[in-house]
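For reference, the chains in residue letters:
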Amino acid sequence: MNILVFGKDGQLGKAFQCVFTDQKLGELHRIHYVGRAQCDLSNADAITNLLQETKPNLIINAAAYTAVDQAEQEIDLAYAVNAIAPAIMAQYAVKEGATLLHYSTDYVFDGTKTTPYHESDARNPLGIYGKSKAAGEAGIEDAFKQDPHTKAQFAILRTSWVYGDGGNFIRTILRLAKERESLKVIANQYGVPTSAPWLASISLAMVLDENHQLRSFPSGLYHAIPQGETTWHALASFAVQAAIDAGAVLKLRPDQIAAIPASEYPLPAPRPMNSRMARSALDALMNQIYKGADVTKWQQWQQSWQEPVADYVQDLVLHKRS
Ligand SMILES: NC(=O)c1ccc[n+]([C@@H]2O[C@H](COP(=O)([O-])OP(=O)(O)OC[C@H]3O[C@@H](n4cnc5c(N)ncnc54)[C@H](OP(=O)(O)O)[C@@H]3O)[C@@H](O)[C@H]2O)c1
(Lines give C-alpha, C1' and ligand atoms only; values in the text may rest on other atoms or scores of the structure.)
Protein backbone atom coordinates (compact mmCIF):
# COMPACT_ATOMS: atom_id res chain seq x y z
CA MET A 1 0.00 0.00 0.00
CA ASN A 2 1.12 3.59 -0.65
CA ILE A 3 0.79 5.98 2.27
CA LEU A 4 1.22 9.73 1.84
CA VAL A 5 1.76 11.83 4.98
CA PHE A 6 1.48 15.60 4.61
CA GLY A 7 2.95 17.84 7.34
CA LYS A 8 6.03 15.76 8.17
CA ASP A 9 7.70 18.62 10.07
CA GLY A 10 4.75 19.46 12.35
CA GLN A 11 3.98 18.02 15.79
CA LEU A 12 1.53 15.43 14.48
CA GLY A 13 3.55 14.65 11.34
CA LYS A 14 6.63 13.90 13.44
CA ALA A 15 4.54 11.74 15.76
CA PHE A 16 3.31 9.73 12.76
CA GLN A 17 6.89 9.14 11.65
CA CYS A 18 7.74 7.77 15.13
CA VAL A 19 4.68 5.50 15.25
CA PHE A 20 5.33 4.16 11.72
CA THR A 21 8.97 3.49 12.68
CA ASP A 22 8.03 1.83 16.02
CA GLN A 23 5.52 -0.42 14.29
CA LYS A 24 8.02 -1.12 11.44
CA LEU A 25 5.32 -0.20 8.92
CA GLY A 26 7.96 1.02 6.48
CA GLU A 27 8.81 -2.64 5.86
CA LEU A 28 5.22 -3.37 4.79
CA HIS A 29 4.16 -0.19 3.02
CA ARG A 30 5.67 2.54 0.87
CA ILE A 31 5.39 5.65 3.05
CA HIS A 32 5.97 9.11 1.59
CA TYR A 33 6.55 11.85 4.15
CA VAL A 34 6.01 15.30 2.68
CA GLY A 35 6.77 18.73 4.12
CA ARG A 36 6.46 22.26 2.82
CA ALA A 37 9.66 21.90 0.77
CA GLN A 38 8.28 18.89 -1.14
CA CYS A 39 4.73 20.22 -1.59
CA ASP A 40 3.43 23.69 -0.78
CA LEU A 41 -0.20 23.11 0.18
CA SER A 42 -1.16 26.60 -0.98
CA ASN A 43 -0.33 25.41 -4.51
CA ALA A 44 -3.25 23.32 -5.82
CA ASP A 45 -1.31 22.02 -8.85
CA ALA A 46 1.55 20.84 -6.63
CA ILE A 47 -0.92 18.77 -4.56
CA THR A 48 -2.60 17.26 -7.61
CA ASN A 49 0.76 16.39 -9.19
CA LEU A 50 2.03 14.78 -5.99
CA LEU A 51 -1.14 12.69 -5.65
CA GLN A 52 -0.80 11.52 -9.27
CA GLU A 53 2.86 10.65 -8.76
CA THR A 54 2.54 8.80 -5.45
CA LYS A 55 -0.95 7.30 -5.94
CA PRO A 56 -1.64 6.89 -2.22
CA ASN A 57 -4.16 4.36 -0.89
CA LEU A 58 -4.04 6.20 2.44
CA ILE A 59 -3.58 9.97 2.74
CA ILE A 60 -2.78 11.37 6.18
CA ASN A 61 -3.10 15.14 6.23
CA ALA A 62 -1.23 16.24 9.36
CA ALA A 63 -0.42 19.63 7.78
CA ALA A 64 -2.36 22.80 8.47
CA TYR A 65 -2.02 26.54 8.69
CA THR A 66 -2.01 26.70 12.52
CA ALA A 67 -0.94 30.31 13.26
CA VAL A 68 -4.28 31.24 14.83
CA ASP A 69 -3.63 34.96 15.32
CA GLN A 70 -1.65 35.49 12.11
CA ALA A 71 -4.53 33.91 10.17
CA GLU A 72 -6.58 37.05 10.83
CA GLN A 73 -4.15 38.81 8.42
CA GLU A 74 -3.28 35.90 6.06
CA ILE A 75 -6.83 34.93 5.20
CA ASP A 76 -6.22 33.62 1.66
CA LEU A 77 -3.26 31.53 2.77
CA ALA A 78 -5.18 30.04 5.72
CA TYR A 79 -8.06 29.07 3.39
CA ALA A 80 -5.71 27.69 0.72
CA VAL A 81 -3.99 25.33 3.19
CA ASN A 82 -6.90 24.52 5.52
CA ALA A 83 -9.85 24.48 3.12
CA ILE A 84 -8.80 24.09 -0.53
CA ALA A 85 -5.95 21.59 -0.01
CA PRO A 86 -8.03 19.03 1.96
CA ALA A 87 -10.83 19.29 -0.63
CA ILE A 88 -8.32 18.40 -3.39
CA MET A 89 -7.14 15.41 -1.32
CA ALA A 90 -10.78 14.33 -0.83
CA GLN A 91 -11.55 14.62 -4.56
CA TYR A 92 -8.55 12.39 -5.30
CA ALA A 93 -9.66 9.89 -2.61
CA VAL A 94 -13.21 9.69 -4.01
CA LYS A 95 -11.94 9.19 -7.58
CA GLU A 96 -9.31 6.57 -6.67
CA GLY A 97 -11.08 4.80 -3.78
CA ALA A 98 -8.49 5.92 -1.24
CA THR A 99 -8.80 6.57 2.50
CA LEU A 100 -8.31 10.12 3.81
CA LEU A 101 -7.38 10.89 7.41
CA HIS A 102 -7.70 14.59 8.12
CA TYR A 103 -7.44 16.67 11.31
CA SER A 104 -9.62 19.49 12.52
CA THR A 105 -10.11 21.49 15.65
CA ASP A 106 -12.31 22.59 18.53
CA TYR A 107 -12.07 26.07 16.93
CA VAL A 108 -14.85 25.09 14.48
CA PHE A 109 -17.20 25.74 17.44
CA ASP A 110 -18.00 29.10 19.02
CA GLY A 111 -17.61 27.71 22.55
CA THR A 112 -20.89 29.11 23.86
CA LYS A 113 -22.30 25.67 24.68
CA THR A 114 -22.06 24.84 28.38
CA THR A 115 -21.65 21.09 27.85
CA PRO A 116 -19.24 19.15 25.59
CA TYR A 117 -19.72 19.49 21.81
CA HIS A 118 -20.93 16.48 19.85
CA GLU A 119 -19.82 15.57 16.33
CA SER A 120 -23.33 16.48 15.13
CA ASP A 121 -23.32 19.99 16.64
CA ALA A 122 -23.37 22.84 14.12
CA ARG A 123 -20.07 24.47 13.21
CA ASN A 124 -19.91 28.13 14.13
CA PRO A 125 -16.26 29.23 14.15
CA LEU A 126 -15.21 32.59 15.59
CA GLY A 127 -11.95 33.48 13.82
CA ILE A 128 -10.30 32.94 10.43
CA TYR A 129 -8.35 29.84 11.51
CA GLY A 130 -11.55 28.18 12.76
CA LYS A 131 -13.48 29.29 9.67
CA SER A 132 -10.81 27.92 7.33
CA LYS A 133 -10.71 24.59 9.21
CA ALA A 134 -14.53 24.41 9.16
CA ALA A 135 -14.44 25.04 5.39
CA GLY A 136 -11.91 22.19 5.10
CA GLU A 137 -14.31 19.83 6.89
CA ALA A 138 -17.17 20.90 4.62
CA GLY A 139 -14.98 20.57 1.50
CA ILE A 140 -14.18 16.94 2.35
CA GLU A 141 -17.82 16.12 3.13
CA ASP A 142 -18.94 17.72 -0.16
CA ALA A 143 -16.39 15.78 -2.22
CA PHE A 144 -17.66 12.50 -0.76
CA LYS A 145 -21.30 13.48 -1.35
CA GLN A 146 -20.50 13.74 -5.08
CA ASP A 147 -20.19 9.95 -5.24
CA PRO A 148 -22.27 8.16 -2.60
CA HIS A 149 -21.15 4.76 -3.99
CA THR A 150 -17.43 5.45 -3.73
CA LYS A 151 -15.24 2.82 -2.07
CA ALA A 152 -13.24 5.69 -0.61
CA GLN A 153 -13.57 6.57 3.06
CA PHE A 154 -12.65 9.54 5.20
CA ALA A 155 -12.22 10.40 8.86
CA ILE A 156 -11.96 13.96 10.10
CA LEU A 157 -10.50 13.83 13.59
CA ARG A 158 -11.24 16.95 15.61
CA THR A 159 -8.72 17.44 18.36
CA SER A 160 -7.59 20.18 20.76
CA TRP A 161 -4.59 21.68 22.59
CA VAL A 162 -2.02 19.49 20.80
CA TYR A 163 1.50 19.08 22.21
CA GLY A 164 4.42 17.09 20.83
CA ASP A 165 7.75 17.71 19.14
CA GLY A 166 7.27 21.41 18.34
CA GLY A 167 6.12 24.69 19.80
CA ASN A 168 3.10 24.48 22.10
CA PHE A 169 1.53 25.92 25.28
CA ILE A 170 3.26 23.52 27.70
CA ARG A 171 6.72 24.35 26.34
CA THR A 172 5.97 28.07 26.50
CA ILE A 173 4.90 27.77 30.15
CA LEU A 174 8.02 25.79 31.07
CA ARG A 175 10.24 28.36 29.36
CA LEU A 176 8.51 31.21 31.21
CA ALA A 177 8.76 29.24 34.48
CA LYS A 178 12.55 29.40 34.18
CA GLU A 179 12.52 33.15 33.62
CA ARG A 180 9.74 34.53 35.86
CA GLU A 181 8.55 34.40 39.45
CA SER A 182 4.94 35.15 38.57
CA LEU A 183 2.64 34.46 35.65
CA LYS A 184 -0.99 35.11 34.71
CA VAL A 185 -2.84 32.38 32.84
CA ILE A 186 -6.44 32.20 31.59
CA ALA A 187 -8.67 30.13 33.87
CA ASN A 188 -12.05 30.33 32.18
CA GLN A 189 -11.35 28.53 28.87
CA TYR A 190 -11.96 24.79 29.03
CA GLY A 191 -10.46 22.04 26.87
CA VAL A 192 -8.39 18.87 26.75
CA PRO A 193 -4.62 18.66 26.08
CA THR A 194 -3.88 16.04 23.43
CA SER A 195 -0.53 14.34 22.93
CA ALA A 196 0.51 14.17 19.26
CA PRO A 197 1.97 10.61 19.62
CA TRP A 198 -1.28 9.50 21.31
CA LEU A 199 -3.31 11.01 18.47
CA ALA A 200 -1.12 9.43 15.76
CA SER A 201 -1.32 6.06 17.43
CA ILE A 202 -5.11 6.23 17.92
CA SER A 203 -5.52 7.36 14.30
CA LEU A 204 -3.59 4.39 12.94
CA ALA A 205 -5.49 2.00 15.17
CA MET A 206 -8.64 3.39 13.65
CA VAL A 207 -7.67 2.93 9.99
CA LEU A 208 -5.36 -0.12 10.05
CA ASP A 209 -6.30 -3.62 11.20
CA GLU A 210 -4.15 -6.08 13.19
CA ASN A 211 -2.35 -7.04 9.94
CA HIS A 212 -1.60 -3.36 9.31
CA GLN A 213 -3.93 -3.28 6.30
CA LEU A 214 -6.70 -0.72 5.76
CA ARG A 215 -9.86 -1.51 7.67
CA SER A 216 -13.29 -0.17 6.78
CA PHE A 217 -14.92 2.28 9.14
CA PRO A 218 -17.85 4.68 8.89
CA SER A 219 -16.77 7.87 7.12
CA GLY A 220 -17.37 11.07 9.04
CA LEU A 221 -16.41 13.31 11.91
CA TYR A 222 -14.75 11.94 15.05
CA HIS A 223 -13.70 13.79 18.19
CA ALA A 224 -10.25 12.54 19.23
CA ILE A 225 -9.11 13.76 22.64
CA PRO A 226 -8.15 11.96 25.86
CA GLN A 227 -10.49 11.69 28.82
CA GLY A 228 -11.07 14.58 31.23
CA GLU A 229 -10.97 18.34 30.88
CA THR A 230 -9.00 21.27 32.23
CA THR A 231 -8.31 24.99 31.83
CA TRP A 232 -5.15 26.72 30.57
CA HIS A 233 -4.45 27.80 34.15
CA ALA A 234 -4.84 24.29 35.60
CA LEU A 235 -2.73 22.85 32.77
CA ALA A 236 0.03 25.41 33.39
CA SER A 237 0.02 24.63 37.13
CA PHE A 238 0.05 20.89 36.44
CA ALA A 239 2.95 21.20 33.96
CA VAL A 240 5.05 23.36 36.32
CA GLN A 241 4.50 20.91 39.19
CA ALA A 242 5.36 17.97 36.91
CA ALA A 243 8.58 19.74 35.87
CA ILE A 244 9.55 20.37 39.51
CA ASP A 245 8.80 16.70 40.30
CA ALA A 246 11.08 15.71 37.42
CA GLY A 247 13.92 17.77 38.91
CA ALA A 248 13.70 21.01 36.90
CA VAL A 249 15.09 24.15 38.54
CA LEU A 250 12.44 26.82 38.01
CA LYS A 251 11.85 30.34 39.32
CA LEU A 252 8.08 29.77 39.26
CA ARG A 253 5.99 27.58 41.59
CA PRO A 254 2.44 26.51 40.68
CA ASP A 255 0.97 28.74 43.42
CA GLN A 256 2.62 31.77 41.77
CA ILE A 257 0.50 31.31 38.64
CA ALA A 258 -2.44 33.71 38.87
CA ALA A 259 -5.80 32.74 37.39
CA ILE A 260 -7.21 35.42 35.09
CA PRO A 261 -10.28 35.61 32.82
CA ALA A 262 -9.73 35.58 29.03
CA SER A 263 -10.97 39.17 28.94
CA GLU A 264 -7.72 40.20 30.69
CA TYR A 265 -5.57 38.64 27.95
CA PRO A 266 -6.89 39.92 24.61
CA LEU A 267 -5.51 38.27 21.45
CA PRO A 268 -6.04 39.12 17.77
CA ALA A 269 -8.17 36.00 17.13
CA PRO A 270 -11.14 35.08 19.34
CA ARG A 271 -10.99 31.65 21.00
CA PRO A 272 -13.85 29.39 22.10
CA MET A 273 -14.43 29.49 25.88
CA ASN A 274 -15.62 25.90 25.87
CA SER A 275 -13.51 23.51 23.77
CA ARG A 276 -14.78 20.35 25.42
CA MET A 277 -15.81 17.67 22.91
CA ALA A 278 -17.75 14.48 23.55
CA ARG A 279 -16.11 11.62 21.70
CA SER A 280 -19.09 9.34 21.16
CA ALA A 281 -18.33 8.39 17.52
CA LEU A 282 -14.73 7.29 18.14
CA ASP A 283 -15.69 5.64 21.44
CA ALA A 284 -18.19 3.46 19.58
CA LEU A 285 -15.60 2.53 16.94
CA MET A 286 -12.81 1.85 19.46
CA ASN A 287 -15.22 -0.17 21.55
CA GLN A 288 -15.92 -2.32 18.52
CA ILE A 289 -12.24 -2.62 17.54
CA TYR A 290 -10.55 -3.10 20.91
CA LYS A 291 -12.72 -3.97 23.83
CA GLY A 292 -11.87 -7.51 24.81
CA ALA A 293 -9.40 -7.82 21.92
CA ASP A 294 -6.49 -5.53 22.74
CA VAL A 295 -6.51 -4.44 26.36
CA THR A 296 -3.35 -2.28 26.09
CA LYS A 297 -4.74 -0.24 23.23
CA TRP A 298 -8.15 0.01 24.89
CA GLN A 299 -6.46 1.38 28.03
CA GLN A 300 -4.48 3.83 25.89
CA TRP A 301 -7.76 5.03 24.39
CA GLN A 302 -9.29 5.39 27.88
CA GLN A 303 -6.31 7.38 29.20
CA SER A 304 -6.88 10.76 30.87
CA TRP A 305 -4.90 13.83 29.79
CA GLN A 306 -2.80 14.05 33.02
CA GLU A 307 -0.55 11.00 32.62
CA PRO A 308 0.70 11.80 29.09
CA VAL A 309 1.27 15.46 30.04
CA ALA A 310 3.34 14.39 33.06
CA ASP A 311 5.33 11.95 30.87
CA TYR A 312 5.87 14.65 28.25
CA VAL A 313 7.09 17.19 30.81
CA GLN A 314 9.37 14.62 32.42
CA ASP A 315 10.85 13.81 29.02
CA LEU A 316 11.41 17.51 28.26
CA VAL A 317 13.13 18.01 31.63
CA LEU A 318 15.29 14.87 31.41
CA HIS A 319 16.41 15.67 27.87
CA LYS A 320 16.72 19.40 28.63
CA ARG A 321 14.30 20.29 25.83
CA SER A 322 12.04 22.60 27.83
N1 LIG B 1 -1.68 22.55 17.65
C2 LIG B 1 -2.87 22.53 18.24
O3 LIG B 1 -3.02 22.93 19.40
C4 LIG B 1 -4.07 22.00 17.51
C5 LIG B 1 -5.34 22.06 18.13
C6 LIG B 1 -6.44 21.55 17.47
C7 LIG B 1 -6.30 20.99 16.21
N8 LIG B 1 -5.07 20.97 15.62
C9 LIG B 1 -4.97 20.38 14.28
O10 LIG B 1 -4.12 19.24 14.37
C11 LIG B 1 -3.38 19.09 13.16
C12 LIG B 1 -1.90 18.97 13.47
O13 LIG B 1 -1.46 20.14 14.14
P14 LIG B 1 0.04 20.34 14.64
O15 LIG B 1 -0.02 20.81 16.03
O16 LIG B 1 0.85 19.14 14.28
O17 LIG B 1 0.46 21.56 13.71
P18 LIG B 1 1.92 22.17 13.46
O19 LIG B 1 2.90 21.62 14.44
O20 LIG B 1 1.75 23.64 13.34
O21 LIG B 1 2.30 21.57 12.04
C22 LIG B 1 1.63 21.98 10.88
C23 LIG B 1 2.50 21.60 9.69
O24 LIG B 1 1.82 22.06 8.52
C25 LIG B 1 2.81 22.58 7.65
N26 LIG B 1 2.31 23.59 6.74
C27 LIG B 1 1.76 24.78 7.03
N28 LIG B 1 1.53 25.48 5.90
C29 LIG B 1 1.96 24.70 4.87
C30 LIG B 1 2.01 24.85 3.46
N31 LIG B 1 1.59 25.97 2.86
N32 LIG B 1 2.50 23.84 2.73
C33 LIG B 1 2.96 22.72 3.32
N34 LIG B 1 2.95 22.50 4.63
C35 LIG B 1 2.46 23.49 5.42
C36 LIG B 1 3.85 23.23 8.55
O37 LIG B 1 5.04 23.32 7.83
P38 LIG B 1 6.35 24.05 8.41
O39 LIG B 1 6.91 23.10 9.45
O40 LIG B 1 7.23 24.21 7.22
O41 LIG B 1 5.87 25.35 8.98
C42 LIG B 1 3.89 22.26 9.72
O43 LIG B 1 4.91 21.29 9.58
C44 LIG B 1 -3.76 20.29 12.29
O45 LIG B 1 -4.80 19.91 11.41
C46 LIG B 1 -4.31 21.31 13.27
O47 LIG B 1 -5.23 22.19 12.68
C48 LIG B 1 -3.96 21.44 16.24
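Residues numbered from 1 in each chain as written. Predicted model: local features only at pLDDT ≥ 70, side-chain atom pairs only at ≥ 80, totals over all residues. Heavy atoms only, no water.

Some words on the side chain of aspartate 110
Put simply, the rule reads: Put simply, DSSP H or I for four residues or longer makes a helix, DSSP E for two residues or longer makes a strand, and each gets a number counted from the N terminus. To sort residues, take the accessible area from a 1.4 Å probe on protein chains only and compare it with the maximum for the residue type: under 20% means buried, over 50% means exposed, and anything in between is partly exposed. Charge assignment in this entry is limited to Lys and Arg as positive and Asp and Glu as negative, and neither His nor the chain termini are counted. Think of a salt bridge as a Lys or Arg side-chain nitrogen and an Asp or Glu carboxyl oxygen that are within 4 Å of each other. Distance and chemistry together define a polar contact, namely a pair of N or O atoms within 3.5 Å, with one atom able to donate a hydrogen and the other to accept it when in protein, and with adjacent residues in sequence counting only for side-chain atoms on both sides. In this description, contact between two residues means that some pair of their heavy atoms is separated by no more than 4.5 Å.
Among the structural elements, aspartate 110 can be located in the loop between strand 4 (99–105) and helix 4 (128–145). Salt bridges are absent for the buried aspartate 110, whose nearest opposite-charge side chain, lysine 113, sits at 9.5 Å. A distance of 3.1 Å separates a polar atom in the side chain of aspartate 110 from a polar atom in the side chain of tyrosine 117. Polar side-chain contacts of aspartate 110 include one of 2.9 Å to the side chain of asparagine 124. Leave out the neighbours within four places in its chain, and aspartate 110 touches Tyr117, Asn124, Leu126, Pro272 and Met273.

Some thoughts on the pairing of strand 4
Filter applied, for reference: When DSSP finds at least two bridges between two strands, those strands are taken to pair. Here is how to tell: hold the view so the strands point away, follow the path from the first strand over the helix to the second, and if it runs clockwise the crossover is right-handed.
Within strand 4, seven of the seven residues are buried, which leaves it mostly tucked inside the rest of the structure. Of the two faces of strand 4, the one holding Thr99, Leu101, Tyr103 and Thr105 and the one holding Leu100, His102 and Ser104 are both buried throughout. Sheet topology note: the strand 3 (residues 58–61)/strand 4 ladder contains four bridges and is parallel. For asparagine 61, the partnering residue across the bridge sits in strand 4 and is histidine 102. In terms of handedness, the path from strand 3 via helix 3 (residues 75–96) over to strand 4 forms a crossover that is right-handed. Two elements, strand 4 and strand 5 (residues 153–159), share seven bridges in a ladder whose sense is parallel. By the bridge assignment for strand 5, tyrosine 103 is matched with leucine 157. Handedness of the strand 4-helix 4-strand 5 crossover: right-handed.

Looking at the site of the ligand
Keep this limit in mind: Any residue with a heavy atom positioned within 4 Å of a molecule or strand is treated as near that molecule or strand. Note on areas: Shrake-Rupley with a 1.4 Å probe; residue coverage comes only from the protein chains shown. Under the scheme applied, nonpolar residues are Ala, Val, Leu, Ile, Met, Phe, Trp, Tyr, Cys and Pro; charged residues are Asp, Glu, Lys and Arg; polar residues are all the others, including Gly.
What surrounds the ligand is a group of 24 residues, the closest being Leu12, Leu41, Thr66, Tyr129 and Lys133. Within the contact set of the ligand, an oxygen atom lies 2.6 Å away from a side-chain nitrogen or oxygen of threonine 66. Contact with the protein chains hides 82% of the accessible area of the ligand, taken as 910 Å² for the molecule alone. Within the residue set of the shell around the ligand, elements represented by two or more residues are helix 1 (11–22), strand 4 and helix 4. Sort the elements by how many residues they give to the shell around the ligand and strand 4 lands first, with three residues. Looking at the shell around the ligand, its residues break down into 11 nonpolar, eight polar and five charged.

Some points on the environment of alanine 87
Its place among the elements puts alanine 87 in helix 3. Here alanine 87 falls in the buried class, since its relative accessible area comes to 13%. Placed 57 residues apart in sequence, alanine 87 and phenylalanine 144 show a C-alpha to C-alpha distance of 9.6 Å.

Side note on helix 7 (residues 232–245)
We apply this condition: Expected span of a helix, by definition, is 1.5 Å for each gap between consecutive residues, and there is one gap fewer than residues.
Here helix 7 is 14 residues long and its end C-alpha atoms lie 20 Å apart, about the 20 Å a rise of 1.5 Å per residue gives. Listed as buried for helix 7 are Trp232, His233, Leu235, Ala236, Ser237, Ala239, Val240, Ala242 and Ala243. Among the structural elements, helix 5 (169–179), strand 7 (183–186), strand 11 (230–231), strand 12 (257–260) and helix 10 (306–318) are those in contact with the buried residues of helix 7. Glycine 247 occupies a position one or two residues after helix 7 and carries a positive phi of about 100 degrees.

Some details on the environment of arginine 171
Along the chain, the position of arginine 171 falls in helix 5. Sequence separation between arginine 171 and proline 226 is 55 residues, and the spatial gap between their C-alpha atoms is 19 Å. Leaving out residues up to four positions away in the same chain, arginine 171 has contacts with Gly164, Asp165, Gly166, Tyr312, Leu316 and Arg321. Polar side-chain contacts of arginine 171 include one of 3.1 Å to the backbone oxygen of glycine 166.

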